[in-house]
Protein chains: 2
Amino acid sequence: MKKYLNSFKQIVGAQNMITDPFDLKPLNQDWQRFYEGKSELAVTPTSTKMVSEILQFCNQNNIKVVPQGGNTSFVGGATPVQDELILSLRKMNNILEFDTTTSIVTAESGVILSSMNDYLQTYRYQMPWDLGARGSCQLGGNIATNAGGLNVVRNGPLRNYILGLEVVLPNGKILNLLNKNRKDNTGTDLKQLFIGSEGTLGIITKANVLCSPIPEQRQVFFLELKDFDETIQLLRSAKQFEQLGAFEFMEGRILQRCLPFNPQLKAPFEFKADKYYVLIEICGQQIELEYYFERLLKHTEQIVFNQNESELQAMWRWRESVPENLHKMGHVLTYDLSIPPDKFEWFAEEIYPERKGPYNAFYGHLGDGNIHYNIVFESVQEMHKEQERVEEKIIKLTKNLNGSISAEHGVGQLKRHYMEIQKGKETFGYMQELKRLFDPNNILNPEKLL
Amino acid sequence: MKKYLNSFKQIVGAQNMITDPFDLKPLNQDWQRFYEGKSELAVTPTSTKMVSEILQFCNQNNIKVVPQGGNTSFVGGATPVQDELILSLRKMNNILEFDTTTSIVTAESGVILSSMNDYLQTYRYQMPWDLGARGSCQLGGNIATNAGGLNVVRNGPLRNYILGLEVVLPNGKILNLLNKNRKDNTGTDLKQLFIGSEGTLGIITKANVLCSPIPEQRQVFFLELKDFDETIQLLRSAKQFEQLGAFEFMEGRILQRCLPFNPQLKAPFEFKADKYYVLIEICGQQIELEYYFERLLKHTEQIVFNQNESELQAMWRWRESVPENLHKMGHVLTYDLSIPPDKFEWFAEEIYPERKGPYNAFYGHLGDGNIHYNIVFESVQEMHKEQERVEEKIIKLTKNLNGSISAEHGVGQLKRHYMEIQKGKETFGYMQELKRLFDPNNILNPEKLL
């Protein structure tokens, strides 16, 4: 990399280069510190033109590039594998326009998700997706990974809200796919290729996003159900609610084990080990509490609903504290799976027939068929001993159920070796053909995804 | 084609071949009778395997193929240009499954849209898109054209609801992209390529579609507004309604001219030539009439709302009768455009500065930024005299406004020569690369779109 420093300086200027190993360290590591690269240079371009010139230069000189947004990937998708050039979008952080007639926002890809929301609040709009990393993840990274999160059951995936993109291709060409039309039927929609492609086909520099009105009201129900079948019956009804904002699932035996870790938190029920719990959020305009309560009552009499904002927060806190508490109980293998919702209990029992102890927990976005399946071990040794057997079985079962090994976290480095099994040889082959079409020299985010 | 008849007979059987010119005629023509091909053979395969064998044979023998669903295209997208083989999906019309937990329906691509709705009604669900051709258009054709229609303002485009596809490629390979997971983040989503590609990349044989609950209630408001600015202010407010089902725009001067053609139809207002009219539909669960009325009142006092189903139908009929009445007034040039909603009046004035008479009418889905812009001429001669000048100007203005020359009707044969202007050279080039990747011998739907 050393011999190229002067060339990069001419393209981006010294003020947009990071070479100090101390400053580079956080960019070389993912936030979970599972992965660490050896990059010697990060550049922070301030314009699309600069991104284009960087990529053109890299392509000519066969310099590998890893695009980086907020670096919040769970799968090592945004950190270098070797000594790639880090291309950070952080300085391309301008919100360019909000169109009050169409509710479309146009922004550069380095804007942080929560900054987008701060800006949109004035207009009573918000971004149509939300995730835990909202304070640091960036627009471009969100789009490149088709980020999931908390609102999918209501709003659908992020992809549905991306109307236009500006993308710089590995050869430096700028593809102008910006678009503020809600309807545009003029052939194959090229921008779809870049959504969820994890920075392997091009670098997103700008986007047009259709925003959602901020809901006027929120109402949370916490329900206790006697078994998993009853839970699935409830899901079938709740999916009919047009204001359904969340349908989150937790096991009683796990919530019980969470009690000691949440001493300050008021529990909506006396959690029972053999019961199942669901948090339903209704959000929108003009919520009729009675309407929903009556319909939920058909499934269980054990219903609590929040009377004020702090009770709402407390109920959500029970759901959100599950993953962090599991990590306090031991060493955890985590899987982010999509499988048919009615198969989840069966799935967990197939992995561990006894289902005893805190081991083998499933919880999460049951409304989307997306469950976080976690296995807790008492020691690292035990975890490593079991990992291979368990993982092989999970991949096989997921494949047999036509599920997905990555519902929302993406593939990155972590799940790359399972991609051919997941997609099938034919489909995976065409994904590789697309890579060859857009990035024939394989300079963009190498050793990820494909 | 004659020399191949025996080969096709071996693949599909005599009962799945149409060779009689009388029977072939309606398949060679589009329904508007603008286009007519000279195909001598149509095949009606009954399975994906058969489709695969047909395409493999055609690819080996360089036989061009036009896939055909309900043949309801507005742009000549489904009729042969020359003597292509017509591959009709009409016999692949099985609905395979409805999953009551996930509300996902799986069906073959030859199922008619209204048959899908008849089937789903039992479960209190419906298809997430609706269009005038519902009685004859088919699932596969809808997907291949990313069909628009009446529900886009609420539900978004068809694309958002397609979770999985089975596609037969021109070389006969079957690409299994079927998927019943709402969340699946495992790289570039290959199925997106086929949605809206108008049968140029592959033939869709099956699909998984996410269905919508049938709305419990519908409420229509008819509003009179003093100018176009007021209309746009109203649109900005109405877009905040989570139950907004339609926002349809009409000009008073056009509605006035429609009066003699709708003698039986009760008018919600005494239409005035210098006013603007909007139909707003609110649909969903638990509609609060007062809530909406109060908010609409901020924009105009001239509001009528339906008290019963027949008034609702009458109000919709005023909107729906506009295009057919325009055709009764003279000879019509029609354009299906997406441009920024607040630019519509300006746009129409740019084409015809005086805006007098019934000439130069715009109406339609203003809520989506999709307007049907029609120009009425007294004679065919006059129309032909003006067509070139007008069309050139429309294309140029639309391009300058970053709009779309096809909001929902597609490209087909009709708008093919404008595609490079619409997409720009770079993007159009990559669309052609994709065509070469999937269909190197250019056998599939030739002389359409690209």
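Quick notes on the rules
- Counting from 1, residues in each chain are numbered in the order their sequence is written.
- Written order determines the labels here, with chains lettered from A and ligands numbered from 1.
- Thresholds applied to this predicted model are a pLDDT of at least 70 for local features of residues and 80 or more for the giving and counting of side-chain atom pairs; totals over whole chains, interfaces and linings are not thresholded and use all residues.
- For side-chain calculations, the full set of non-hydrogen atoms in the structure is used, while hydrogens and water are omitted.
- Copy-to-copy superposition: least squares on the C-alpha atoms, limited to residues that have pLDDT of at least 70 in both copies.
- In this analysis, two residues are considered to be in contact whenever any of their non-hydrogen atoms come within 4.5 Å of each other.
- Put simply, DSSP H or I for four residues or longer makes a helix, DSSP E for two residues or longer makes a strand, and each gets a number counted from the N terminus.
- Helix span is expected to be 1.5 Å times the residue number reduced by one.
- For each residue, the accessible area found with a 1.4 Å probe, counting protein chains only, is set against the maximum for its type, and the residue is called buried under 20%, exposed over 50%, and partly exposed in between.
- Directions drawn from the helix axis to the C-beta atoms are what define this arc.
- Between any two strands, at least two bridges found by DSSP are needed for them to pair.
- Here the axes come from fitting lines to C-alpha atoms, over the contacting stretch only for helices, and the angles between their N-to-C directions go from 0 to 180 degrees.
- The split into domains, and so the bounds of each, comes from an automatic or database assignment of domains.
- Accessible area, probed at 1.4 Å, shrinks when two parts are joined; the buried area is that loss added up over both.
- A pairing counts as a salt bridge when a side-chain nitrogen of Lys or Arg comes within 4 Å of a carboxyl oxygen of Asp or Glu.
- Throughout this description, a polar contact denotes any pair of N or O atoms lying within 3.5 Å of each other; where both atoms belong to protein, one of them has to be capable of donating a hydrogen while the other can accept it, and for residues adjacent in sequence the pair is counted only when both atoms sit in side chains.
- The nonpolar class holds Ala, Val, Leu, Ile, Met, Phe, Trp, Tyr, Cys and Pro. Asp, Glu, Lys and Arg form the charged class, and all remaining residues, Gly among them, are polar.
- Should the near helix be turned anticlockwise from the far one by less than a right angle, the crossing is termed left-handed; should it be turned clockwise, right-handed.
- Only buried residues count toward a nonpolar core. Its members are Ala, Val, Leu, Ile, Met, Phe, Trp, Tyr and Cys residues joined through side-chain atoms within 4.5 Å.
- Any Phe, Tyr or Trp ring, taking Trp's six-membered ring, that has another such ring centre within 6.5 Å forms a pair; planes under 30 degrees apart are called stacked, those over 60 apart edge-to-face, and the others tilted.
- Two limits define a charge over a ring: the Lys NZ or Arg CZ must be within 6 Å of the ring centre, and within 35 degrees of the ring normal.

Novice: With reference to specific residues and values, describe the relation of the copies chain A and chain B.
Specialist: Aligned on chain B, chain A shows an RMSD of 0.1 Å; the corresponding rotation is 180 degrees and the shift along the axis is 0.0 Å. Those values place the two copies in the arrangement expected of a two-fold rotation axis. Considering only C-alpha atoms, the residue of chain A closest to the rotation axis is Asn-160 of chain A, which sits at 2.8 Å. Both copies present the same face, since 100% of the interface residues in chain A are matched by interface residues at the equivalent positions in chain B.

Novice: Tell me about helix α14 (residues 425–438) of chain B, and please be specific about residues and values.
Specialist: Between its first and last C-alpha, α14 of chain B extends 20 Å over 14 residues, near the 20 Å set by a 1.5 Å rise per residue. Of all the positions in α14 of chain B, only Thr-427, Phe-428, Tyr-430, Met-431, Leu-434, Lys-435 and Phe-438 of chain B are classed as buried. With its buried residues spanning 160 degrees around the axis, α14 of chain B presents them on a single face. Elements that come into contact with the buried residues of α14 of chain B comprise β9 (174–177) and α14 (425–438) of chain A together with α13 (419–423) of chain B.

Novice: Describe in detail the sheet that holds strand β2 (residues 42–43) of chain B, supporting the description with residues and values.
Specialist: Residues and elements named next belong to chain B. Taking strand neighbours across the sheet as the criterion, the 4 strands line up as β1-β2-β4-β3 in an open arrangement whose pairing is mixed. For this open sheet the edge positions go to β1 (17–18) and β3 (65–68), each flanked by a neighbour on one side alone. The pairing of β2 with strand β4 (residues 85–88) spans 2 bridges and is parallel. Counterpart to Ala-42 in the pairing with β4 is Ile-86. Helix α3 (residues 48–60) rests against β2, β3 and β4 of the sheet, and its axis sits at about 165 degrees to β4.

Novice: Describe the environment of Val-220 of chain A, listing the residues and the values that go with them.
Specialist: With respect to the helices and strands, Val-220 of chain A occurs in strand β12 (residues 217–225). In this structure the C-alpha to C-alpha distance between Val-220 of chain A and Val-153 of chain A, which are 67 residues apart in sequence, comes to 15 Å.

Novice: Requested: an account of the environment of Val-380 of chain B, with residues and values cited.
Specialist: Residue and element names in this part refer to chain B. Inspection of the secondary structure assignment puts Val-380 in helix α12 (residues 380–400). Classification of Val-380 by relative accessible area gives partly exposed; the value is 31%. Sequence separation between Val-380 and Gly-330 is 50 residues, and the spatial gap between their C-alpha atoms is 8.6 Å.

Novice: I'd like a description of the domain arrangement of chain A, backed by residues and values.
Specialist: Interface size is commonly expressed as the accessible area that is lost once the parts come together. Residues and elements named next belong to chain A. What the domain assignment reports for chain A is domain 1 (2–88), domain 2 (95–213), domain 3 (218–309) and domain 4 (330–409). Each of domain 2 and domain 4 was reduced to a C-alpha centroid, and the two centroids are 31 Å apart. Contact with domain 2, which involves 5 residues of that partner, is made by 4 residues of domain 4. When domain 2 packs against domain 4, close to 370 Å² is buried across both sides, 47% of that on carbon and sulfur atoms. The largest share of the area that domain 2 buries against domain 4 comes from Gly-148, Gly-149 and Val-153, three residues that together contribute 62% of it. Where domain 2 packs against domain 4, one counts 0 salt bridges. The interface formed by domain 2 and domain 4 includes 1 residue pair in polar contact (both at pLDDT 80 or more). Grouping the constituent residues of the side of domain 2 that touches domain 4 by class yields 3 nonpolar, 2 polar and no charged.

Novice: Any chance you could break down the sheet that holds strand β3 (residues 65–68) of chain A for me, citing the residues and the numbers?
Specialist: Backbone hydrogen bonds are what pair the strands of a sheet, in a parallel or an antiparallel way. Across the sheet, 4 strands lie side by side as β1-β2-β4-β3 (chain A); this open sheet has mixed pairing. Unpaired on one side and paired on the other, β1 (17–18) and β3 of chain A mark the two borders of the sheet.

Novice: Quick one: what's the story with the interface of chain A and chain B, residue by residue and with numbers?
Specialist: With 86 residues of chain A at the contact, the number on the chain B side is 86 residues. A buried area of about 7,100 Å², summed over both sides, lies between chain A and chain B, and 48% of it is on carbon and sulfur atoms. When the buried area of chain A at its contact with chain B is split by residue, Arg-182, Lys-183 and Asn-185 of chain A rank highest and sum to 13% of it. Linking chain A with chain B are 10 salt bridges. The closest approach of N and O atoms between Glu-242 of chain A and Arg-154 of chain B, which form a salt bridge, is 2.8 Å. On the surface where chain A and chain B come into contact, there are 48 residue pairs in polar contact (both at pLDDT 80 or more). Going through the elements one at a time, α6 (152–155), β9, α7 (228–238), β14 (276–284), α9 (289–297), α13 (419–423) and α14 of chain A are the ones with two or more residues in the side of chain A that touches chain B. Here the side of chain A that touches chain B takes 8 residues from α14 of chain A, the largest share from any one element. Within the side of chain A that touches chain B, the residues separate by chemical class into 31 nonpolar, 35 polar and 20 charged.

Novice: Before we move on, could you go through the packing of helix α11 (residues 344–351) of chain B against α12 of chain B and cite the residues and values that matter?
Specialist: All names here are of chain B. It is at 10 Å that the axes of α11 and α12 come closest, and there the two elements cross at 145 degrees. Seen from above, α11 lies across α12 with right-handed handedness. Each of Trp-346, Phe-347, Glu-350 and Ile-351 in α11 lies in contact with α12, whose residues at this interface are Arg-389, Val-390, Lys-393, Ile-394, Leu-397 and Thr-398. Residue composition of the contact of α11 with α12, grouped by class: 6 nonpolar, 1 polar and 3 charged.

Novice: Describe the nonpolar core, listing the residues and the values that go with them.
Specialist: Judged by nonpolar contacts, the single largest core of 78 residues is most densely connected at Phe-194 of chain A together with Phe-194 of chain B. Beyond its immediate stretch of four places on either side in the chain, Phe-194 of chain A contacts Ile-143, Ala-144, Leu-165, Val-167, Leu-169, Leu-175, Leu-177, Leu-201, Gly-202, Ile-204 and Phe-438 of chain A.

Novice: If you had to explain the side chain of Asn-374 of chain B to someone new, which residues and values would you point to?
Specialist: All names here are of chain B. By the element assignment, Asn-374 lies in strand β18 (residues 370–377). Judged by relative accessible area, which is 1%, Asn-374 ranks as buried. A polar contact of 3.3 Å, which involves the side chain of Asn-374, links it to the side chain of Tyr-363. Non-local contacts of Asn-374, meaning those with residues more than four positions away in its chain, are made with Leu-326, Val-332, Leu-333, Thr-334, Tyr-335, Asn-360, Ala-361 and Tyr-363.

Novice: Give a description of the pairing of β9 of chain A that names residues and reports values.
Specialist: Residues and elements named next belong to chain A. The two faces of β9 differ: Leu-175 and Leu-177 on one face are buried, but Ile-174 and Asn-176 on the other face are not. As paired strands, strand β8 (residues 162–168) and β9 are joined by 4 bridges and run antiparallel to one another. Each bridged residue has a counterpart across the sheet, and for Glu-166 the counterpart in β9 is Asn-176. Hairpin connection of β8 to β9: 5 residues between the antiparallel strands, including Gly-172 at a positive phi of 95 degrees.

Novice: Describe the packing of aromatic side chains, listing the residues and the values that go with them.
Specialist: Following the criterion strictly, the structure yields 50 aromatic pairs over all chains and no others. Residues Phe-228 of chain B and Phe-362 of chain B carry aromatic rings whose centres are separated by 5.8 Å and whose planes lie at 75 degrees to one another, so their mutual orientation is edge-to-face. In this pair, Phe-228 of chain B sits in helix α7 (residues 228–238) while Phe-362 of chain B sits in strand β17 (residues 361–365), placing the two residues 134 residues apart along the sequence. For the pair shown, Phe-228 of chain B and Phe-362 of chain B are each scored as buried. Connected via pairs of aromatic rings, a cluster forms that spans Phe-222, Phe-269, Phe-271, Tyr-277 and Trp-318 of chain A. The ring of Tyr-352 of chain A has Arg-389 of chain A sitting right over it, with the charged end atom 5.6 Å from the ring centre. Here Arg-295 of chain B stacks its cationic end above the ring of Tyr-291 of chain B, 3.7 Å away from the centre of that ring.

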